[in-house]
Structures are given as C-alpha cells and as structure tokens.
Amino acid sequence: MKHDILGLKELIRLNVRTYADMSSITDLGELRSAFLKATEMVFDDLEDELKTFGASSSPKKSYSIEGKKEKHPKAYEKWTPEEEKELAQRYEQGIPIPEIAEQLGRNPGGIRSRLQKLGLC
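To start, this report covers the structure provided alongside it. (Residues numbered from 1 in each chain as written. Predicted model: local features only at pLDDT ≥ 70, side-chain atom pairs only at ≥ 80, totals over all residues. Heavy atoms only, no water.)

## Let's talk about helix α4 (residues 81-92)
Logical step 1: Given a rise of 1.5 Å per residue, 12 residues ought to cover 16 Å, and the 16 Å separating the end C-alpha atoms of α4 matches this to within 8%.
Logical step 2: Three or more residues of α4 are buried, namely E83, L87, A88 and R90. Burial along α4 is one-sided: seen end-on, the buried residues are contained in an arc of 165 degrees. Looking at α4, the residues exposed on the side facing more than 90 degrees away from the buried face are P81, E82, K85 and E92. (Helix = DSSP H or I, 4+ residues; strand = E, 2+ residues; numbered from the N terminus. Expected span 1.5 Å × (residues − 1). Buried < 20%, exposed > 50% of the residue type's maximum accessible area, 1.4 Å probe, protein only. Arc of directions from axis to C-beta.)

What follows is the structure in structure tokens.
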C-alpha cells in the first residue's frame, strides 16, 4: 500500500484550510469533526466506484483465526486470572516465550502482548 500518501496528505490539508477559510467554524475540534464526517460520506457515496479500481471494503488478512488456532489452540481466547498467574510464573522462571506459548497453547505474539499488559516486560 505504497500510494502517494504525502500527496494525499497535502491535498487533504489544502481542502481543510480552504473549508476553514470559507466556513464559520472556528473551533478546531468542530472543524475536525465536520471534515471527518464529510470524508466518511464521500467514501460511502463512492464505495461502488472505488471497488472498480480494485479497492475492497475490508482488508484481506494473510491469516485466519481458525488457522492460528490449529497451531495455537487458545489463540485469541480471553485470558483467565489463573492463566495470567501461570504466565507470570513461567516468565519469571526464565522460560523462553516460544516455549511458554507452546505450553499455554497461545501465539508467541499473544504471550508478549499479555506480558506487556501485565507490566512484566
């Protein structure tokens, strides 16, 4: 997705400035809300037209949750307090994250994320 982001940013900046100059809106938050709402409306109106250029309504994932769960059975499941305690104990024992992930049936990225949330790394 390497489009001309800077060019698009400048176009948006120019439009926001132009709109601000032409409107009676002086509050920055109100200006932001108005511009975001208008942008959303434009995309809603042009959704079918944008699809003809190959744009899709939702990005395609390079993986599926079902596929992740085949390798990591508890991936994306809610953590219980007991599991968090077990995770903390294993991490503090120096067990490597990939091994903890295998033991707990979780994705290594999910282990790292939970450790950060718990303030352990």
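## Section: the environment of I95
Logical step 1: Tracing the backbone shows I95 in the loop between α4 and α5 (97-104).
Logical step 2: When its relative accessible area of 18% is taken as the criterion, I95 is described as buried.
Logical step 3: With sequence-adjacent residues up to four places away left out, I95 is seen in contact with R90, I100 and Q103. (Contact = heavy atoms within 4.5 Å.)

## Considering the packing of aromatic side chains
Logical step 1: Scanning the entire structure with this criterion turns up zero aromatic pairs.
Logical step 2: The positively charged end of R106 is found above the aromatic ring belonging to W79, 4.0 Å away from the centroid. (Phe/Tyr/Trp six-rings, centres within 6.5 Å; stacked < 30°, edge-to-face > 60°. Lys NZ or Arg CZ within 6 Å of the ring centre and 35° of its normal.)

## Description of the layout of surface pockets
Logical step 1: Its volume calculated, the second largest pocket comes out at about 180 Å³.
Logical step 2: If you go around the second largest pocket, the residues you meet are V16, L28, G29, L31, R32, F35, L36 and T39.
Logical step 3: With seven residues, helix α2 (residues 28-51) is the single largest residue contributor to the lining of the second largest pocket.
Logical step 4: Grouping the amino acids of the lining of the second largest pocket by side-chain chemistry returns five nonpolar, two polar and one charged. (1 Å grid on protein atoms, 1.4 Å probe; cavity = no way out; pocket = protein on both sides within 12 Å on 5 of 7 lines; lining within 4 Å. Points joined across faces, edges and corners; volume = space filled by probe spheres on them. Nonpolar A, V, L, I, M, F, W, Y, C, P; charged D, E, K, R; others polar.)

## What to know about a nonpolar patch on the surface
Logical step 1: On the surface, L8, L11 and I12 cluster together into a nonpolar patch covering about 260 Å² of accessible area.
Logical step 2: Its place among the elements puts L8 in helix α1 (residues 5-22).
Logical step 3: In this structure L8 comes out as partly exposed when scored by relative accessible area, which is 47%. (Patch = residues over 30% accessible without salt bridge, like charges linked within 9 Å, V, L, I, M, F, W, Y side chains within 5 Å. Areas by Shrake-Rupley, 256 points an atom, 1.4 Å probe, with all protein chains shown as cover. Salt bridge = Lys/Arg side-chain N within 4 Å of Asp/Glu carboxyl O.)

## Let's talk about the nonpolar core
Logical step 1: W79, L87, I95, I97, I100, A101, L104, I111 and L115 together form the largest nonpolar core, which totals nine residues.
Logical step 2: The set of elements that each furnish at least two residues to this core consists of α5 and α6 (108-117).
Logical step 3: With residues up to four places along the chain from it excluded, the contact list for I111 reads W79, L87, I97, I100, A101, L104 and R106. (Core = buried A, V, L, I, M, F, W, Y, C linked by side-chain atoms within 4.5 Å.)

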